[in-house]
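Okay, here's what each chain looks like letter by letter:
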2 protein chains.
Amino acid sequence: MAQALRSDPVGLIIREKEPTNLETPFDQVDSFLTPTELFYIRNHFHAPALELATYQLRIDGAVTNPFSLSYEQLRAMPSETRVATLECAGNSRVFLIPQAAGVQWELGAVGNAEWTGVPLGALLERAGLEEDACEIVLEGADRGTPKEPPVPRGPISYARSLPRHKALQREVLIAYQMNGRDLPLDHGYPVRAVVPGHYGMASVKWLTHVHVVREPFRGYWQTSDYGYWDELDGNPVRRALGEVQLKSEIARPRVYERIAPDQAYRVSGAAWAGETDVTEVAVSTDGGQTWTAAEFLDPVRRHAWRRWTFDWRTPAEPGRYTLLSRAKAANGSVQPDQHEPQYGSYVVHHALPIEVFIDDRTGASV
Amino acid sequence: MAQALRSDPVGLIIREKEPTNLETPFDQVDSFLTPTELFYIRNHFHAPALELATYQLRIDGAVTNPFSLSYEQLRAMPSETRVATLECAGNSRVFLIPQAAGVQWELGAVGNAEWTGVPLGALLERAGLEEDACEIVLEGADRGTPKEPPVPRGPISYARSLPRHKALQREVLIAYQMNGRDLPLDHGYPVRAVVPGHYGMASVKWLTHVHVVREPFRGYWQTSDYGYWDELDGNPVRRALGEVQLKSEIARPRVYERIAPDQAYRVSGAAWAGETDVTEVAVSTDGGQTWTAAEFLDPVRRHAWRRWTFDWRTPAEPGRYTLLSRAKAANGSVQPDQHEPQYGSYVVHHALPIEVFIDDRTGASV
């Protein structure tokens with residue numbers, strides 16, 4: 001078995017050198033599957049170096065038959081391959097006004113890949129969930145001291161929980177391949193979770209421990225970070241982020257791109273959702289006054305994005321124009337016009353304004 | 001007189017939407033003068049809307065003849081035009097490990113422009129400096145509450161001081177034009193300071209007040225922000241950033257660029273310094289083991305950058321390669337190999353590693 005390679009982050013944008021946080025230049029999205037080397041990387045701590053020979057995945061807690069699996073044993077189990085879009089819950093944060101704390105992602109903390117592994121449900125079946133098993137905590141081998149308060153005494157391991165019903169769905173994988181090859185180090189080598197329909201923080205990398213618990217998990221990344229204030233009977237209550245919210249993004253043109261007047265221009269992008277399907281994308285090239293339906297390049301496929309295009313005749317009049325895209329989904333939801341303030345610095349899923357310049361000096365050197 | 005236009009930030013990278021902080025994509029630097037619309041924007045607060053008809057510049061404090069000037073009066077004075085490179089003191093911060101707080105600038109919070117205005121020294125001469133005049137405080141019309149502690153009771157105006165001797169040098173301009181046209185709003189319309197040889201924070205925009213003081217100024221941007229810890233007899237002492245430190249940057253290739261093997265590739269970049277001249281730039285394509293002199297495209301011109309190129313025969317062997325550039329200056333200084341820790345999150349002027357991928361799949365779609 002080949003040694004884990006750092007994926008070559010060809011063309012990625014540096015957001016943080018160490019721990020590694022790199023963004024996909026979203027205008028380069030032109031395939032249904034994001035090439036592995038262009039896939040965004042969001043690490044919380046230094047990527048741990050796990051050895052295949054000694055790797056163990058432990059499944060324990062509220063189960064009748066706790067057990068551990070070696071890497072070879074995991075690979076020997078029946079596998080499934082699924083396409084899933086992963087989006088960082090902080091994607092597009094740079095669009096927030098005023099600026100919110102955290103990595104200033106533009107549009108590219110999202111990607112769509114093919115994942116191969118063993119359904120988490122198969123492991124939980126083998127372990128035998130106790131009747132009062134409530135959540136499944138996924139714990140990675142990456143450890144450190146987090147930054148955002150309140151901060152527990154550290155260092156701590158990266159860990160997130162899934163509700164029991166979600167953990168048992170067949171699409172949740174304990175994955176060892178991405179786009180047909182072994183996971184690169186920065187994508188969780190040798191084994192990670194992939195939780196389609198949830199924000200990326202749920203897809204724990206360098207997974208070494210599946211812990212079944214009897215009460216809702218209240219770890220750091222479930223309460224301090226990746227949380228938001230909801231309201232219950234007039235009182236604020238802290239909730240953990242989970243399901244991806246409906247979103248579309250424009251890949252081309254780029255923000256502040258200069259475009260020739262009175263020409264054919266193919267606007268393109270992608271749209272995705274959580275536990276529903278994207279059914280419609282509309283585009284506005286006049287700041288939201290009028291909207292026209294875009295065409296999909298990809299069919300409906302639950303948990304995978306749908307790329308779309310829109311053929312724009314650019315205005316004859318030079319000036320600044322604002323493009324927007326807005327998705328609708330099968331469950332009736334519509335992408336909002338504005339950021340939903342309860343989500344704070346996360347879930348930036350409103351129709352994002354892409355300002356461009358119609359300019360007849362397009363050929364000029366800039 | 002035309003109304004102030006927001007400069008069209010064609011192709012700029014968003015770092016913060018409001019207040020506006022936009023970065024030049026440094027790989028697009030291919031002219032001696034940075035086009036105004038590609039010039040980085042670093043605002044601390046919302047850009048104030050000053051009216052030409054009511055604009056006044058007040059010069060007062062430790063002077064014998066305090067006075068105010070209207071915009072028309074300023075324009076009627078003898079002017080000078082000078083080329084100067086302005087670099088934000090936080091430029092290249094994203095290269096720091098561990099990450100430092102602040103805007104995560106890559107390579108493009110620097111630009112070179114031609115500035116037209118009245119020498120500050122001419123105004124100070126007319127005002128008549130008192131003998132004990134010590135520093136000249138430049139105050140802008142932009143106001144707000146800053147973020148980094150310790151924070152005074154706000155809101156406060158953006159203000160920075162210059163030592164008397166620097167303020168009297170002919171190159172320090174009270175400028176109203178940039179690259180031959182009136183200043184755009186985000187570059188300080190209608191009037192700003194331009195302090196060649198100092199980091200950008202000294203070139204106060206939307207300038208409305210020149211205040212001559214009798215003791216060293218200890219304002220927020222002189223002590224809390226844009227400051228660093230120096231040492232005096234074993235004790236830490238807080239100093240204000242001032243003179244630009246010698247630096248070169250590679251514009252092409254970009255970080256993580258994919259490049260074909262065994263080909264001619266023109267590496268290019270720029271180098272600049274404070275109160276000295278860049279005399280030499282060397283390039284390494286093997287992570288610093290060997291160095292070769294680059295060729296300058298621009299002559300020596302105090303306070304302006306010098307672009308340079310280096311013709312590289314790319315390696316036949318695919319893999320990851322680290323490029324570096326290193327400048328030397330007439331005063332004997334050499335660009336350091338590592339970040340100088342006393343500067344904290346500022347003055348990131350060491351030889352910055354540009355990692356690239358030699359890859360024969362260069363033609364492949366990515």
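All values derive from a computational prediction rather than experimental measurement. (Residues numbered from 1 in each chain as written. Chains lettered and ligands numbered in written order. Predicted model: local features only at pLDDT ≥ 70, side-chain atom pairs only at ≥ 80, totals over all residues.)

> So what exactly am I meant to see when it comes to the overall build of chain A here?
When its secondary structure is counted, chain A shows four helices and 24 strands. Within the span of chain A, comprising 366 residues, buried residues form 46% of the whole. In chain A, the share of contacts with a sequence separation of at least 24, taken over all contacts with a separation of at least 6, comes to 71%. (Helix = DSSP H or I, 4+ residues; strand = E, 2+ residues; numbered from the N terminus. Buried ≥ 20, exposed ≤ 12 C-beta atoms within 10 Å, placed from the backbone. Contact = placed C-beta atoms within 7 Å.)

> For this particular structure, what's the right way to read the sheet that holds strand β16 (residues 247-252) of chain A?
Two modes of strand pairing occur in sheets, parallel and antiparallel, and in both the strands are linked by backbone hydrogen bonds. With antiparallel pairing, four strands are arranged side by side in an open sheet as β16-β18-β22-β21 (chain A). What marks the edges here is a single partner per strand, and that holds for β16 and β21 (295-296) of chain A. (Pairing = 2+ DSSP bridges.)

> Just checking my understanding: could you explain the relation of the copies chain A and chain B for this structure?
Both copies of the chain are tied together by a single rotation about an axis and a shift running along it. Taken as rigid bodies, chain A and chain B are interconverted by a rotation of 180° and an axial shift of 0.0 Å, the fit giving an RMSD of 0.0 Å. Such a combination of rotation and displacement between the chain copies is what one expects of a two-fold axis. When each C-alpha of chain A is compared by its distance to the rotation axis, Q104 of chain A comes out closest, at 4.1 Å. An overlap of 100% is found between the interface residues of chain A and their copies at the interface of chain B, pointing to a shared contact surface. (Least-squares fit on C-alpha atoms with pLDDT ≥ 70 in both.)

> Explanation requested: the pairing of strand β22 (residues 306-313) of chain A in the structure shown.
Two faces, one strand: in a regular strand the side chains alternate between the faces of the sheet. Residues and elements named next belong to chain A. Pairing geometry for strand β18 (residues 264-272) and β22, over eight bridges, is antiparallel. When the bridges of β22 are listed, A270 appears paired with R307. Direction of pairing for β21 relative to β22: antiparallel, over a ladder of two bridges. Looking across to β22, one finds that F296 is bridged to W308.

> When you look at the interface of chain A and chain B in this model, what are you seeing that I'm missing?
Accessible area lost on assembly of the parts is the figure often given for the size of an interface. Facing 29 residues of chain A, the contacting portion of chain B comprises 29 residues. Element by element, the count of residues in the side of chain A that touches chain B is highest for strand β1 (residues 13-16) of chain A, at three residues.

> How do you make sense of the environment of N91 of chain B when you look at a structure like this?
All names here are of chain B. Considering the arrangement of structural elements, one finds N91 in the loop between β6 (80-87) and β7 (110-119). Classification of N91 as buried rests on a count of 29 C-beta atoms within 10 Å. For the pair formed by N91 and P190, sequence separation is 99 residues and the distance between their alpha carbons is 25 Å. Those residues in contact with N91 that sit more than four places away from it in its chain are W105, A109, V110 and V348.

> I would appreciate a short explanation of the nonpolar core in the present structure.
Soluble globular proteins: nonpolar side chains tend toward being buried together. Core analysis: the largest hydrophobic core is formed by 204 residues, its most contacted members being I174 of chain A together with I174 of chain B. Those residues in contact with I174 of chain B that lie beyond four places of it in its chain are L74, G117, V118, L120, L123, V191, A193 and L207 of chain B. (Core = buried A, V, L, I, M, F, W, Y, C linked by C-beta atoms within 7 Å.)

> When you look at the domain arrangement of chain A in this model, what are you seeing that I'm missing?
Residues and elements named next belong to chain A. Looking at chain A, the domain boundaries give domain 1 (13-240) and domain 2 (247-358). Computed over C-alpha atoms only, the centres of domain 1 and domain 2 are separated by 27 Å. The partner domain 2 presents 23 residues to the 26 residues of domain 1 that form the contact. Of the residues forming the side of domain 1 that touches domain 2, the biggest block, four residues, is contributed by strand β6 (residues 80-87). Along the lines of polarity and charge, the residues of the side of domain 1 that touches domain 2 split into 14 nonpolar, seven polar and five charged. (Domains from an automatic or database assignment. Nonpolar A, V, L, I, M, F, W, Y, C, P; charged D, E, K, R; others polar.)

> Whenever I open this one, helix α2 (residues 120-127) of chain A confuses me. Can you help?
All names here are of chain A. Within α2 the residues assigned to the buried category are L120, L123, L124 and A127. Buried residues along α2 cover an arc of 95° about the axis, so they all sit on one side. Immediately downstream of α2, the backbone of G128 shows phi near 75°, a positive value. (Arc of directions from axis to C-beta.)

> Is there a simple way to explain the sheet that holds strand β5 (residues 67-70) of chain B in this structure?
Residue and element names in this part refer to chain B. An order of β5-β4-β13-β8-β9 is seen for the five strands of this open sheet, with the pairing classed as mixed. Looking at strand neighbours, the two that pair on one side only are β5 and β9 (156-163), the edges of this open sheet. Direction aside, the axes of adjacent strands within the sheet are offset by 20° on average. Inspection of the sheet shows strand β8 (residues 135-144) paired to β9 by seven bridges, in the antiparallel sense. Paired with R143 across the strands is S157, a residue of β9. (Axes fitted to C-alpha atoms, helices over the stretch in contact; angles between N-to-C directions.)

> Just to check I follow, could you spell out the pairing of strand β23 (residues 319-329) of chain B for this structure?
Residues and elements named next belong to chain B. Pairing between strand β19 (residues 278-284) and β23: six bridges, direction antiparallel. Of the residues in β23, the one forming a bridge with V283 is S325. Here five bridges tie β23 to strand β24 (residues 354-358), and the two strands are oriented antiparallel to one another. Of the residues in β24, the one forming a bridge with L323 is I354.

> Which parts of the structure should I look at to understand the confidence of the model for chain A?
Low pLDDT means the predicted coordinates in that region are not meant to be read closely. Of the residues in chain A, 97% have a pLDDT of 70 or more, and the chain-wide mean is 94. Taken together, the chains of this predicted complex give a pTM of 0.86 and an interface ipTM of 0.76. (pLDDT = per-residue confidence, 0-100.)

> Just to check I follow, could you spell out the environment of F67 of chain B for this structure?
Residue and element names in this part refer to chain B. Among the secondary structure elements, F67 is positioned in strand β5. With eleven residues separating them in the primary sequence, F67 and Q56 have C-alpha atoms 9.9 Å apart. Residue contacts for F67: discarding those within four places in its chain leaves I59 and A127.

> Even after reading the chapter, I still don't get the environment of G234 of chain A, so can you show me in this structure?
Residue and element names in this part refer to chain A. Within the secondary structure, G234 is located in the loop between β14 (227-232) and β15 (235-240). The exposure class assigned to G234 is exposed, which follows from the 5 C-beta atoms found within 10 Å. Spatially, the C-alpha atoms of G234 and S68 are 45 Å apart, while their sequence positions differ by 166 residues.

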